[in-house]
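Examination of the molecular architecture
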Amino acid sequence: MKFLEVEFRKSLANRQLDVYEECLLGGMSFREYARKNKINIRSVFDTKAVVQKKFEKIFEGYSTNAEKMSVVK
């Protein structure tokens, strides 16, 4: 799993990695992130969507309890 995490992080552009770390892992709100970085909140939501798609692609078929993962949309 650690290898997949490394591959996932490598697949992200700088802004995508920042949104992943600050918002999705770190808990910063998307609004706060947008203000801090002086960008439109829509851009943050769009970036989050790209990060989620890449995550699903790389971690497809894996879950934390080693069972086949079902993606909830």
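Now for a look at the structure at hand. (Residues numbered from 1 in each chain as written. Predicted model: local features only at pLDDT ≥ 70, side-chain atom pairs only at ≥ 80, totals over all residues. Heavy atoms only, no water.)

A word on the pattern of salt bridges. By the definition in use, this model includes five salt bridges. Where Arg-9 meets Glu-5, a salt bridge forms, and the shortest distance between an N and an O atom there is 2.7 Å. Here Arg-9 pairs with Glu-5, and both are found in helix 1 (residues 2-11), just four residues apart, close to one helical turn. Using a relative accessible area of 27% as the deciding quantity, one classes Arg-9 as partly exposed. A salt bridge links Glu-21 to Arg-9, with the shortest nitrogen-to-oxygen separation between them at 2.5 Å. Separated by 12 residues along the polypeptide, Glu-21 in helix 2 (residues 14-25) and Arg-9 in helix 1 bring together distant segments of the chain. Here the residues in one salt-bridge network are Glu-5, Arg-9 and Glu-21, joined through shared partners. (Salt bridge = Lys/Arg side-chain N within 4 Å of Asp/Glu carboxyl O. Helix = DSSP H or I, 4+ residues; strand = E, 2+ residues; numbered from the N terminus. Buried < 20%, exposed > 50% of the residue type's maximum accessible area, 1.4 Å probe, protein only.)

Right, let's talk about the packing of helix 1 against helix 2 for a bit. In contact at an axis separation of 8 Å, helix 1 and helix 2 are set at 125 degrees when each is read in the N-to-C sense. With respect to their mutual orientation, helix 1 and helix 2 come out oblique. Contacts from Glu-5, Phe-8, Arg-9 and Ser-11 of helix 1 reach helix 2 at Gln-16, Leu-17, Tyr-20, Glu-21 and Leu-25. Along the lines of polarity and charge, the residues of the contact of helix 1 with helix 2 split into four nonpolar, two polar and three charged. (Axes fitted to C-alpha atoms, helices over the stretch in contact; angles between N-to-C directions. Parallel < 35°, antiparallel > 145°, perpendicular 65-115°, else oblique. Contact = heavy atoms within 4.5 Å. Nonpolar A, V, L, I, M, F, W, Y, C, P; charged D, E, K, R; others polar.)

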